[in-house]
Amino acid sequence: MTKKNNIVPYIYNAAIRFERGMRAYYLGDLDQAIQYIQEACLLDRKNEEYQVQLAVLLTENKNWTDAIDMLEWLLNRNVQVDTCQLLLTICYSNMGQEDLAKIYADKFVCTTARHEVQALLKSKNFSKDEVMREFLLLALESVELNTFEGITRAIVFMKRMIEIDDTNFAVYNPLAHAYICIKDYAAAEKYLFRLLDKQPENIQGLCNLIYLYQSCGQKEKMEEIIKKVEKMVPIDEADRLKLGCTLASAEKFERAFLCLKNIHRPEYRMRKSYSYWMERCSAHLKIILSDVECTFP
């Protein structure tokens, strides 16, 4: 009776090579781990788990070029997109290619935020109003982080709100402002134009447009919008605060002062923006704040 030879099947078994690779990794032998898992990938070219793990190990071993080749290959096949984007961010950052690192960091944040949106929608049978409220809360929480990643997440949530209901014009201003913060001026202008097409006297939108043109150095367009808002007398104190701060930032101190001095509600007067621009206006106009009486312009 002849014995069955198990040597060849053992050597050419991808699962065993992968297992050996992971064992080597846990024992701290990263080079050996990479070799085994590369062999597993060659033996089973369709196994995405092996391929992603190889990309992770190449990144950890600082084989940046090989890792990038593997990660871009995986991305083109839509395999574990968020993981690939994060690892590409790490690779390009370590190679000193900050522009590419920033692009993939942005994509990673957007991908994870979309996953969060999908999980939220699947978790409960929300009504439309409840969905909008949940997205708005997530957006506000993200903006409060005051980071590029936080603002990018907020944009994802607010864009989803507009996809659900494009007549929800209250979202357009914070969305445009978020785009201005990350210097995507074209996107900000697009959403402000949509808003102002439906609500041409929306003070918040006009002020954001002034801020946008001021930020990107388009002075002629900025002055054109300023001429329009200078004639407005907002009744709502939130609009009054926004207009006053915007005009002051554009050095229209006299008109800005008239807006700001007639704000009465304490929640607006306690804001840093109010204090800062009120002091700037009074200093420029040589007005003592304690002598100011509130009268509507």
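Residues numbered from 1 in each chain as written. Predicted model: local features only at pLDDT ≥ 70, side-chain atom pairs only at ≥ 80, totals over all residues. Heavy atoms only, no water.

Draft legend 1. Local environment of the packing of aromatic side chains. This structure, assessed with the given rule, holds seven aromatic pairs. An aromatic cluster is present here, built from Phe169, Tyr172, Tyr179 and Tyr191 joined pairwise through their rings. (Phe/Tyr/Trp six-rings, centres within 6.5 Å; stacked < 30°, edge-to-face > 60°.)

Draft legend 2. Structural context of the nonpolar core. Core analysis: the largest hydrophobic core is formed by 59 residues, its most contacted members being Tyr179, Val229 and Leu260. By residue number, the principal contributor to this core is helix H9 (residues 148–164), which donates eight residues. Dropping the residues within four chain positions of it, valine 229 is found in contact with Leu206, Ile210, Leu243 and Leu247. Counting residues in each nonpolar core, the second largest holds 31 residues, with Leu30, Cys84, Leu87 and Tyr92 among its members. (Core = buried A, V, L, I, M, F, W, Y, C linked by side-chain atoms within 4.5 Å. Buried < 20%, exposed > 50% of the residue type's maximum accessible area, 1.4 Å probe, protein only. Helix = DSSP H or I, 4+ residues; strand = E, 2+ residues; numbered from the N terminus. Contact = heavy atoms within 4.5 Å.)

Draft legend 3. Main features of helix H12 (residues 203–215). The end-to-end C-alpha distance of H12, which contains 13 residues, comes to 18 Å, matching closely the 18 Å that a straight helix rising 1.5 Å per residue would cover. Among the residues of H12, Ile203, Gly205, Leu206, Cys207, Asn208, Leu209, Ile210, Leu212 and Tyr213 are the ones counted as buried. Looking at the buried side of H12, the elements it contacts are helix H10 (172–181), helix H11 (185–198), helix H13 (219–229) and helix H14 (237–249). The opening residue of H12 is asparagine 202, an N-cap whose side-chain oxygen sits 3.2 Å from the backbone nitrogen of glutamine 204. Positive phi shows up at glycine 217, right after H12, with a value of about 75°. (Expected span 1.5 Å × (residues − 1). Polar contact = N/O pair within 3.5 Å; in protein donor to acceptor, adjacent residues only side chain to side chain.)

Draft legend 4. The arrangement of a positive patch on the surface in detail. Residues Arg114, Lys159, Lys190 and Arg194 make up a contiguous surface patch of positive charge. Structurally, arginine 194 is set in helix H11. Relative accessible area serves as the criterion here: at 40%, arginine 194 is assigned to the partly exposed category. (Patch = residues over 30% accessible without salt bridge, like charges linked within 9 Å, V, L, I, M, F, W, Y side chains within 5 Å. Areas by Shrake-Rupley, 256 points an atom, 1.4 Å probe, with all protein chains shown as cover. Salt bridge = Lys/Arg side-chain N within 4 Å of Asp/Glu carboxyl O. Lys, Arg positive; Asp, Glu negative; His and termini not counted. Charge placed at Lys NZ, Arg CZ, Asp CG, Glu CD.)

Draft legend 5. Expanded view of the pattern of salt bridges. As enumerated under the stated definition, the model contains five salt bridges in all. Where arginine 23 meets glutamate 19, a salt bridge forms, and the shortest distance between an N and an O atom there is 3.1 Å. Here glutamate 19 and arginine 23 lie together in helix H2 (residues 14–26), a separation of four residues that amounts to about one turn. Overall, arginine 23 belongs to the partly exposed group, its relative accessible area being 45%. According to the relative accessible area criterion, glutamate 19 is partly exposed, its value standing at 47%.

Draft legend 6. Seen up close, the packing of H11 against H12. Two numbers describe how H11 lies on H12: the axes approach to 10 Å, and their chain directions differ by 155°. Classified by the angle between their axes, H11 and H12 sit roughly antiparallel to one another. Considering how the two elements wind past one another, H11 and H12 form a crossing that is left-handed. Along its contact with H11, which presents Tyr185, Ala188, Glu189, Leu192, Phe193, Leu195 and Leu196, the element H12 presents Gly205, Leu206, Asn208, Leu209, Leu212, Tyr213 and Ser215. In terms of residue class, the contact of H11 with H12 is built from ten nonpolar, three polar and one charged. (Axes fitted to C-alpha atoms, helices over the stretch in contact; angles between N-to-C directions. Parallel < 35°, antiparallel > 145°, perpendicular 65-115°, else oblique. Left-handed = near helix turned anticlockwise from the far one by under 90°. Nonpolar A, V, L, I, M, F, W, Y, C, P; charged D, E, K, R; others polar.)

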